[in-house]
Amino acid sequence: MLKNKKIALYVTGGIAVYKVVDLMRSFIKNGAQVRVAMTDSATKFVTPMTFQILSRHEVYVDTFSENNPAHVSHVDLSDWADISIVAPATANTIGKMAYGLADNFVTSALLATASPIFVVPAMNTDMFENPATQENIQTLKNRGVYVVDPDTGFLAEGYEGKGRYPENERILEELENFIMTKDMTLPLRGYKILISAGGTKERIDPVRYITNDSSGKMGHAIAEAAYQYGAEVTLVTTSALNASKAIERVQVDSAKAMFEAIDERFDDLDILIMAAAVSDYGVAHPATSKMKKEDYSKLLNIELKENPDILKTMGQKKKNQFLVGFAAETDHLEEYAVKKLAEKNLDLIVANEVGKEDTGFDSDDNQVVIFTKEHQRLEVQKTKKTEIARRLLDKIIEELDHHS
């Protein structure tokens, strides 16, 4: 999401300045172009040379140091930036931003900025909670400025409180989400998508269950890609894998729980992608307590009952929704996939061969064939599941455009 983004990084005078060096490096590692401006106070904590060497660009400090007669530096920087980030943002700079003051390079550039502004406050808890600071922050928010909520933790003064500079990982995640809310060109902007992931578990007793080898990696990769494409994403998953906080996560266990979670949301969806490996059958009479050794004979004859067919049910219910299924097979892959596509009233199906060590279940890689309703065939050779997720979404977008 940061690739090729032009970031103006405004560094102000707090003890957390040293953490911003690593933040800037994260921007660069993610493909962004970064230009840095510092207040004079910030230079007391970390020298401009540090940012200059790592960014490979001049660091702006003095408003009146105009090295290029063709440009006014603070206006040129503000015009150049796709997004402007203030980190750490002191109470002093936040106050100046709120009142439109421009008494140094940073505040002058910010006053001339039309691009989205992202602010990371870091200060003593008493300064942060002061009504004046809170009013200034609210003023910035009312103008559309994004203000990160600081952490609560050990402060430079030697005690716990709110105002601590957040971990860079959280800043990056919130920044990515902020950028996406501002980017109206993302291909799935305005779409509500639900993705299922992982292998369902059917309980025999409270400690034993029937399941499969699905890790949820494919479904989670699709959810992350859909989020990066601008969609409003819900992930119904059995997996413990991480997901972005901006994704609505619904944790389930059994096929029945997954069916209920999807069914109650289906009417509001635009796209349903069933990447989960759902058990066809569940235990008819699971034990309510752990079976003892003397009960093991019961395990030799487990009565099964048919689970709800989620895809088939949604295929019968669908109105304008776009349905995508997965066919995980060990043989006759394409034959079974095309049959499933028709029987369950799907718009697209992804066929992948499972049972191999290097692709399919619990692997980072996969190799798939995608079939459309018109039996158009798209083969995706072995690659990362993250790439397959993007290829799948690109195909969905193409189909949506074709049918609109």
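Residues numbered from 1 in each chain as written. Predicted model: local features only at pLDDT ≥ 70, side-chain atom pairs only at ≥ 80, totals over all residues. Heavy atoms only, no water.

Q: Can you walk me through the UniProt feature "binding site: CTP" (unreviewed entry) in the chain in this structure?
A: Using the residue numbers shown here, the UniProt feature "binding site: CTP" (unreviewed entry) corresponds to Asp280, Lys290, Pro308, Asp309, Ile310, Leu311, Phe326, Lys340 and Lys344. Considering the C-alpha atoms alone, the annotated residues occupy 65 residues of sequence and remain spread out, their largest mutual distance being 37.6 Å. Among the secondary structure elements, Lys290 is positioned in the loop between β14 (281-283) and α11 (296-299). A residue is classified by how much of its surface remains accessible, and Lys290, at 44% relative accessible area, is partly exposed. In this structure, Lys290 is in contact with Asp205, Pro206, Val207 and Arg208, ignoring residues within four places of it in sequence. Locating Pro308 in the fold gives a position in the loop between β15 (304-306) and α12 (310-317). Using a relative accessible area of 32% as the deciding quantity, one classes Pro308 as partly exposed. (UniProt positions renumbered as here; feature names shortened; annotations may be inferred. Helix = DSSP H or I, 4+ residues; strand = E, 2+ residues; numbered from the N terminus. Buried < 20%, exposed > 50% of the residue type's maximum accessible area, 1.4 Å probe, protein only. Contact = heavy atoms within 4.5 Å.)

Q: I tried to follow the pattern of salt bridges on my own but got confused; where do I start?
A: A complete count under the given rule lists 21 salt bridges for this structure. Between Lys44 and Asp40 there is a salt bridge, and its shortest N-O distance comes to 4.0 Å. Relative accessible area serves as the criterion here: at 63%, Lys44 is assigned to the exposed category. The class of Asp40 is partly exposed, set by a relative accessible area of 49%. A salt bridge links Arg208 to Asp205; the shortest N-O distance between them is 2.4 Å. Residue class for Asp205 comes out buried when judged on its relative accessible area of 1%. (Salt bridge = Lys/Arg side-chain N within 4 Å of Asp/Glu carboxyl O.)

Q: Is there a simple way to explain the sheet that holds strand β11 (residues 232-237) in this structure?
A: Sheet strands pair by backbone hydrogen bonding; their relative direction is either parallel or antiparallel. The sheet built from 8 strands is open, its strands ordered β12-β11-β8-β13-β16-β17-β18-β19 with mixed pairing. Pairing within the sheet leaves two strands with one partner each, and these edge strands are β12 (248-251) and β19 (377-384). Within the sheet, the average angular offset between the axes of one strand and its neighbour, ignoring direction, is 15°. Alignment of strand β16 (residues 322-329) against strand β17 (residues 348-353), held across 6 bridges, turns out to be parallel. Paired with Ala328 across the strands is Asn352, a residue of β17. Sheet strands touched by helix α9 (residues 217-228): β8 (192-197), β11, β12, β13 (271-274), β16 and β18 (365-372). Its angle to β8, the strand with the most contacts, is close to 160°. (Pairing = 2+ DSSP bridges. Axes fitted to C-alpha atoms, helices over the stretch in contact; angles between N-to-C directions.)

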